Amino acid sequence: MNPNCARCGKIVYPTEKVNCLDKFWHKACFHCETCKMTLNMKNYKGYEKKPYCNAHYPKQSFTMVADTPENLRLKQQSELQSQVRYKEEFEKNKGKGFSVVADTPELQRIKKTQDQISNIKYHEEFEKSRMGPISGLCFSKMGLLTLWGSPHHPLFS
């Protein structure tokens, strides 16, 4: 048994059937409620089980809620509840001093580079304080020690 069209009420045969908005339609009957433009499954918008084109789709406007004593009490209660939760969260996280940041590959690369630079600087300062100024001693960018003098330098003995 073939269903009836939601617009004209006549029988809809499978070759011309459009199944949309929980109803069956003839292809020609599936059109915008306002401008009668023929619609398809790609360009329709449904509102209250009726098809509309994009230009005539009803805009939903919100109504104001009256400030009745009950609504004012509920609003105040919601604000108090929000403040209580905020204070609980604050107390729970107090003293941690940091927020969790995801370790993206870029952040991991930056952290590794900073650690390498810090390690190089530390070793440069340590060697300078331990040995005093040594002529011919330098550090490359990757922290490798290079000696431009004798291979029998006291640093390596």
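From a predicted model like this one, the values you see are computed outputs, not experimental measurements.

Conventions adopted
Residues numbered from 1 in each chain as written. Predicted model: local features only at pLDDT ≥ 70, side-chain atom pairs only at ≥ 80, totals over all residues. Heavy atoms only, no water. Helix = DSSP H or I, 4+ residues; strand = E, 2+ residues; numbered from the N terminus. Buried < 20%, exposed > 50% of the residue type's maximum accessible area, 1.4 Å probe, protein only. Contact = heavy atoms within 4.5 Å. Areas by Shrake-Rupley, 256 points an atom, 1.4 Å probe, with all protein chains shown as cover. Phe/Tyr/Trp six-rings, centres within 6.5 Å; stacked < 30°, edge-to-face > 60°. Core = buried A, V, L, I, M, F, W, Y, C linked by side-chain atoms within 4.5 Å. Salt bridge = Lys/Arg side-chain N within 4 Å of Asp/Glu carboxyl O. pLDDT = per-residue confidence, 0-100. Pairing = 2+ DSSP bridges.

Asker: Can you walk me through the overall build of the protein in this structure?
Answerer: Secondary structure summary: the protein contains two helices and six strands in total. The secondary structure elements of the protein, listed N-terminal to C-terminal, are β-β-β-β-α-α-β-β. The proportion of buried residues among the 157 residues of the protein is 13%. Summarising the internal contacts of the protein: among those between residues at least 6 apart in sequence, 14% fall at separations of at least 24. Accessible surface computed for the protein: about 13300 Å², of which carbon and sulfur atoms make up 57%.

Asker: Explain the packing of aromatic side chains here, please?
Answerer: To describe a pair of aromatic rings, one takes the distance between the centres and the angle between the planes. The full count for this structure, using the stated rule, is three aromatic pairs. Between Trp 25 and Phe 30, the ring centres sit 5.4 Å apart and the planes meet at 65°, which makes this aromatic pair edge-to-face. Here Trp 25 falls in the buried class, since its relative accessible area comes to 2%. The class for Phe 30 is buried, based on a relative accessible area of 0%. Ring centres of Tyr 47 and Tyr 57 lie 6.0 Å apart, and the angle between their planes is 85°; this geometry places the pair in the edge-to-face category. One end of the pair, Tyr 47, is in strand E3 (residues 45-47); the other, Tyr 57, is in the loop between strand E4 (50-52) and helix H1 (69-93), with ten residues separating them in the sequence. Here a set of aromatic residues connected by ring pairs shows up, and it is made of Trp 25, Phe 30 and Tyr 44.

Asker: Quick question: what am I supposed to make of the nonpolar core here?
Answerer: Taken as a class, soluble globular proteins show a tendency for nonpolar side chains to be buried jointly. Core analysis: the largest hydrophobic core is formed by nine residues, namely Val 18, Cys 20, Leu 21, Trp 25, Phe 30, Cys 32, Leu 39, Tyr 52 and Cys 53. In this structure, Cys 53 is in contact with Cys 32, Cys 35, Met 37, Leu 39 and Asn 43, ignoring residues within four places of it in sequence.

Asker: Quick question: what am I supposed to make of the pattern of salt bridges here?
Answerer: Pairing of side chains with opposite charge becomes possible as their charged atoms draw close. Applying the stated rule across the entire model yields six salt bridges. In this structure, Glu 33 and Arg 7 form a salt bridge, with 2.6 Å as the shortest nitrogen-oxygen distance. Residue Glu 33 is located in the loop between strand E2 (23-26) and E3, and its partner Arg 7 is located in the segment before strand E1 (17-20); the two are separated by 26 residues in the primary sequence. Classification of Glu 33 by relative accessible area gives partly exposed; the value is 25%.

Asker: Looking at this model, I keep getting lost on unusual backbone geometry. Mind explaining?
Answerer: In terms of backbone geometry, most residues other than glycine have negative phi values and most peptide bonds are trans. At Asp 22, a residue that is not glycine, the phi angle is positive and equals roughly 60°. Residue position: Asp 22 is located in the loop between E1 and E2. Exposure remark for Asp 22: the relative accessible area of 67% places this residue in the exposed category. Positive phi is not limited to glycine here, since Lys 49 has a value of about 65°. Among the secondary structure elements, Lys 49 is positioned in the loop between E3 and E4.

Asker: I tried to follow the environment of Cys 53 on my own but got confused; where do I start?
Answerer: Positionally, Cys 53 belongs in the loop between E4 and H1. Separated by 22 residues in the primary sequence, Cys 53 and His 31 place their C-alpha atoms 7.9 Å from one another.

Asker: Explain the confidence of the model for the protein to me, please; I cannot follow it from the model alone.
Answerer: As a note on interpretation, predicted positions should not be read in detail where pLDDT is low. On average, the protein scores 78 in pLDDT, and the residues at 70 or more come to 78%. Per-residue pLDDT stays below 50 along residues 139-150; that stretch engages in 22 contacts with residues further than four places along the chain or on separate chains.

Asker: Before we go on, may I ask you to explain the side chain of His 26 in this structure?
Answerer: Position of His 26 relative to the elements: it lies in strand E2. Beyond its immediate sequence surroundings of up to four residues, His 26 is in contact with Cys 5, Cys 8, Lys 10, Ile 11, Val 12 and Glu 16.

Asker: What am I meant to see in the pairing of E1 here?
Answerer: Across a regular strand the side chains alternate sides, sitting on one face of the sheet and then on the other. The alternating pattern of E1 places Val 18 and Cys 20 on a buried face and Lys 17 and Asn 19 on a face that is not buried. Looking at chain direction, E1 and E2 are connected through four bridges and run antiparallel. In the sheet register, Asn 19 faces E2, and the bridge partner there is Phe 24. Two successive antiparallel strands, E1 and E2, enclose a turn made up of two residues, where Leu 21 displays a positive phi of approximately 55°.

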